[in-house]
Amino acid sequence: MSERYDVVVVGGGLLGCLTAWMAARDGARVLLADKDQVNQHASGQNAGSLHFQLEYRMVEAVEYRMVEAGEEAARVAAEAMPLHLDAAAMWARLEDEVGESLGVRQTGGLMVAENADQVGMLEFKAELERSWGLDVRTLDRSELDTVAPYLSRDVVAANLSALEGKADARIAAPAVGRAAVAAGARVCARSRLVGAHRTPAGWDVTLRETDRTGEVRTRTVRTAAVVLAAGVWTTELGRVFGAELPTVPLALTMTVTSKVPSFIPHLVQHAGARLSLKQSLDKTVLIGGGWPARLMRDADGVPQFDRKHQLIPRSIAGNARAAVNAVPALERVPAVRSWVGTTTVAPDQLPLVGAVRDAPGVFVATGGSAFTLGPSFARVLTGLLAGGSPDIDLTPYDPARFTEGSTP
Ligand SMILES: Cc1cc2nc3c(=O)[nH]c(=O)nc-3n(C[C@H](O)[C@H](O)[C@H](O)COP(=O)(O)OP(=O)(O)OC[C@H]3O[C@@H](n4cnc5c(N)ncnc54)[C@H](O)[C@@H]3O)c2cc1C
């Protein structure tokens with residue numbers, strides 16, 4: 001076997017690029033393989049929110065804003081806060097470390113409320129977040145007049161987290177991928193991991209590679225460790241390694257407007273409606289917040305992640321309505337494009353991060369806001385690859401927690 005690596009990273013989204021970069025910087029021989037192109041999937045399709053306030057939860061496969069899902073759901077979600085705080089600090093220095101713009105602006109995030117129930121939820125939420133170390137304060141209407149005059153008069157209060165903001169999903173992963181290559185990692189697009197066999201010292205992984213002319217060849221490389229950074233493909237990839245990694249796929253709607261003079265400096269989310277919006281550095285406004293799209297499935301209902309998923313007009317309209325309700329000036333701004341992105345959450349909504357118990361030498365991270373959390377996931381994984389003990393307690397995120405007989 002001619003090719004040997006310390007780490008094969010599977011997936012060229014933000015997480016895979018960050019992990020390859022950090023591991024290569026640590027001196028590891030790294031191969032990153034993506035079955036398509038770097039940043040072609042969730043990492044390049046998402047809203048680019050860097051959000052650290054607790055947001056929505058999913059109950060029986062339906063997403064609810066936390067105000068609907070209840071306080072217990074919020075308490076469980078809050079267990080991801082150590083990762084969020086770590087990620088907030090990492091985003092603040094990431095552009096300097098990578099040496100390129102990633103479109104990062106941490107100019108604050110507002111979660112808005114329009115009625116007394118939602119205000120009550122914000123107060124509960126702020127207290128919970130503060131107990132985990134996130135600095136959040138509730139602004140009343142008069143403070144909002146000064147801080148965020150663009151918000152609707154129907155907004156009566158908002159929680160402000162100064163750490164929140166945005167990064168540009170179109171440029172972040174490719175920039176980090178270039179940094180990985182500069183640090184010595186090999187990055188292969190159109191290279192799909194299709195098989196894996198254990199060896200005494202790690203894994204032989206088989207890659208099916210398609211060149212630009214469409215010719216396909218298969219090669220096997222030897223590696224000490226494997227990182228699964230495969231987003232919505234995590235569950236199917238886990239099976240290649242004999243591991244059960246349950247995840248729940250979601251297809252979500254995004255819309256972008258035409259350019260408009262800058263007037264929204266914050267990330268805006270809603271306590272009781274599916275809404276996230278922000279104005280990008282190119283002056284377009286990105287509107288999302290969890291509105292469903294149609295995930296393509298086969299006749300047996302099995303999701304087909306490599307197919308093109310479909311927009312649902314009702315979601316586009318509902319999302320636009322929520323945006324205009326919160327920021328009335330958007331009524332006059334043309335929407336220019338909507339699209340579908342796919343992502344994944346774990347059944348209990350906390351991320352999966354750590355060693356894969358049934359597959360020694362294999363590590364995984366996925367689930368939830370993995371764009372926001374990407375730097376933290378990658379830092380933790382790189383530490384594990386180097387044989388260190390993580391400085392964040394990973395017990396709540398143990399990938400084996402859904403396996404029968406597993407003890408936390
Ligand atoms: C519409 C939408 C909006 C979102 N908004 C936000 C947001 O504002 N903030 C936030 O924090 N999160 C957001 N998310 C979630 C976020 O985008 C994802 O959690 C994150 O991008 C996942 O990154 P990743 O690198 O783990 O996976 P991905 O970016 O999906 O990359 C996985 C890669 O693995 C590759 N792959 C899979 N299988 C194989 C294989 N067998 N061999 C080789 N390669 C393989 C795929 O081709 C893919 O490129 C949003 C998601 C969507 C869909």
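Computed from a predicted structure; not experimentally measured.

### A word on the site of the ligand
Stage number 1. Neighbouring the ligand are 36 residues, the closest being Asp34, Ser43, Ser49, Leu193 and Thr372.
Stage number 2. One of the backbone N or O atoms of Ala42 is found 3.3 Å from an oxygen atom in the ligand.
Stage number 3. Coverage of the ligand by the protein amounts to 96% of the 1000 Å² it exposes when considered alone.
Stage number 4. Looking at the shell around the ligand, the elements with two or more residues in it are α1 (14-25), α2 (42-45), β11 (191-199), β14 (248-257) and β18 (335-345).
Stage number 5. Of the residues belonging to the shell around the ligand, the class tally is 15 nonpolar, 17 polar and four charged.

### Here we look at the packing of aromatic side chains
Stage number 1. Evaluated as defined, the whole model comprises four aromatic pairs.
Stage number 2. Considering the side-chain rings of Trp91 and Phe371, the 5.5 Å spacing of their centres and the 35 degrees angle between planes classify their relative orientation as tilted. Of this pair, Trp91 sits in helix α5 (residues 81-98) while Phe371 sits in the loop between β20 (362-366) and α11 (374-385), and the two are 280 residues apart along the sequence.
Stage number 3. Aromatic side chains Trp233 and Phe305 sit 6.1 Å apart centroid to centroid with 70 degrees between the ring planes, which places their arrangement in the edge-to-face category. One end of the pair, Trp233, is in the loop between β13 (216-228) and α9 (234-240); the other, Phe305, is in the loop between β17 (285-288) and α10 (313-326), with 72 residues separating them in the sequence. Here Trp233 and Phe305 have matching classes, each one buried.
Stage number 4. Positioned over the ring face of Trp233 is Lys35, at 3.7 Å from the centre of the ring.

### Here we look at the pattern of salt bridges
Between side chains of opposite charge, a pair can form when the charged atoms approach closely.
Stage number 1. Taken as a whole and assessed by the stated rule, the structure comprises 23 salt bridges.
Stage number 2. Close ionic contact of Asp36 with Lys35 constitutes a salt bridge, the shortest N to O distance being 2.5 Å. The same class applies to Asp36 as to Lys35, namely buried.
Stage number 3. The partner of Arg93 in a salt bridge is Glu97, with the nearest N and O atoms 3.1 Å apart. Of the two residues, Arg93 and Glu97 both sit in helix α5, four residues apart, roughly one turn of that helix.
Stage number 4. Looking at Arg93, the relative accessible area reads 38%, which means it is partly exposed.
Stage number 5. Overlapping salt bridges bring together Glu3, Arg186, Glu209, Arg217 and Arg219 as one network.

### Regarding the state of the cysteines
Stage number 1. One pass over the structure, following the stated rule, counts zero disulfides.
Stage number 2. We note that Cys188 lacks a disulfide partner, and the nearest cysteine sulfur, in Cys17, lies 12 Å from it.

### Considering the sheet that holds β14
Stage number 1. Reading across from one edge, β7-β8-β6-β15-β16-β17-β14-β18 is the order of the eight strands in this open sheet, with mixed pairing throughout. Each edge of the open sheet is held by one strand with a lone partner, namely β7 (136-140) and β18. Strand-to-strand, the axes of this sheet are offset by a mean angle of 20 degrees, without reference to chain direction.
Stage number 2. Bridging between strand β15 (residues 267-270) and strand β16 (residues 276-279) involves two bridges; their strand directions are antiparallel.

### Focus: the pairing of β14
Note on strand geometry: in a regular strand, side chains alternate between the two faces of the sheet.
Stage number 1. Counting buried residues along β14, eight of its ten residues qualify, which places the element largely inside the surrounding structure.
Stage number 2. Examined bridge by bridge, β14 and β18 share ten bridges and lie antiparallel to one another. Along β18, the bridge assignment pairs Thr257 with Ala335.
Stage number 3. Direction of pairing for β14 relative to β17: antiparallel, over a ladder of two bridges. Across the sheet, residue Thr255 finds its bridge partner in β17, namely Ile287.

### What to know about the packing of α1 against α11
Stage number 1. The geometry of α1 relative to α11 is characterised by a closest axis approach of 9 Å and an angle of 40 degrees between their N-to-C directions. What the angle tells us is that α1 and α11 run oblique. Of the two possible hands of crossing, α1 and α11 adopt the one that is right-handed. Contact with α1, carried on its side by Leu15, Leu18, Thr19, Met22 and Ala23, involves Gly374, Pro375, Phe377, Ala378, Arg379, Leu381, Thr382 and Leu385 of α11 and no other residues of that element.
Stage number 2. When the residues that make up the contact of α1 with α11 are grouped by side-chain class, the tally is nine nonpolar, three polar and one charged.

Rules of the game
Residues numbered from 1 in each chain as written. Predicted model: local features only at pLDDT ≥ 70, side-chain atom pairs only at ≥ 80, totals over all residues. Heavy atoms only, no water. Near = heavy atom within 4 Å. Polar contact = N/O pair within 3.5 Å; in protein donor to acceptor, adjacent residues only side chain to side chain. Areas by Shrake-Rupley, 256 points an atom, 1.4 Å probe, with all protein chains shown as cover. Helix = DSSP H or I, 4+ residues; strand = E, 2+ residues; numbered from the N terminus. Nonpolar A, V, L, I, M, F, W, Y, C, P; charged D, E, K, R; others polar. Phe/Tyr/Trp six-rings, centres within 6.5 Å; stacked < 30°, edge-to-face > 60°. Buried < 20%, exposed > 50% of the residue type's maximum accessible area, 1.4 Å probe, protein only. Lys NZ or Arg CZ within 6 Å of the ring centre and 35° of its normal. Salt bridge = Lys/Arg side-chain N within 4 Å of Asp/Glu carboxyl O. Disulfide = S-S within 2.5 Å. Pairing = 2+ DSSP bridges. Axes fitted to C-alpha atoms, helices over the stretch in contact; angles between N-to-C directions. Parallel < 35°, antiparallel > 145°, perpendicular 65-115°, else oblique. Left-handed = near helix turned anticlockwise from the far one by under 90°. Contact = heavy atoms within 4.5 Å.

Keep in mind these numbers describe shape, not what the thing actually does.
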